[in-house]
Amino acid sequence: MKLKSTFKNLATLLVLIITSSVFAQDGFQGQATYMSKTTMDMDNFGGRELSPERKK
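Residues numbered from 1 in each chain as written. Predicted model: local features only at pLDDT ≥ 70, side-chain atom pairs only at ≥ 80, totals over all residues. Heavy atoms only, no water.

K.L.:
Any chance you could break down the overall build of the chain for me, citing the residues and the numbers?
P.N.:
For the chain, the helix and strand inventory stands at 2 helices and 0 strands. Out of the 56 residues in the chain, the part that is buried amounts to 0%. Carbon together with sulfur atoms contributes 61% to the accessible area of the chain, which is approximately 6300 Å² in total. (Helix = DSSP H or I, 4+ residues; strand = E, 2+ residues; numbered from the N terminus. Buried < 20%, exposed > 50% of the residue type's maximum accessible area, 1.4 Å probe, protein only. Areas by Shrake-Rupley, 256 points an atom, 1.4 Å probe, with all protein chains shown as cover.)

In structure tokens, the structure reads:
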């Protein structure tokens, strides 16, 4: 008898967790950003073909 109630409680808990995780993903709107920690050396980029204005 105790095993049935334990199984029923576990099944109910599992259904609640699955249901809440499915509905929580519907309203998620995130934004991913990337920031580089290094800078580019634009002095040698393009050689003499690029003007300083174009390098910016």
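Read on for the rest.
K.L.:
If you had to explain a nonpolar patch on the surface to someone new, which residues and values would you point to?
P.N.:
A cluster of nonpolar residues, L14, I18, V22 and F23, forms a patch on the protein surface that exposes about 410 Å² of accessible area. With respect to the helices and strands, L14 occurs in helix 1 (residues 2-26). (Patch = residues over 30% accessible without salt bridge, like charges linked within 9 Å, V, L, I, M, F, W, Y side chains within 5 Å. Salt bridge = Lys/Arg side-chain N within 4 Å of Asp/Glu carboxyl O.)

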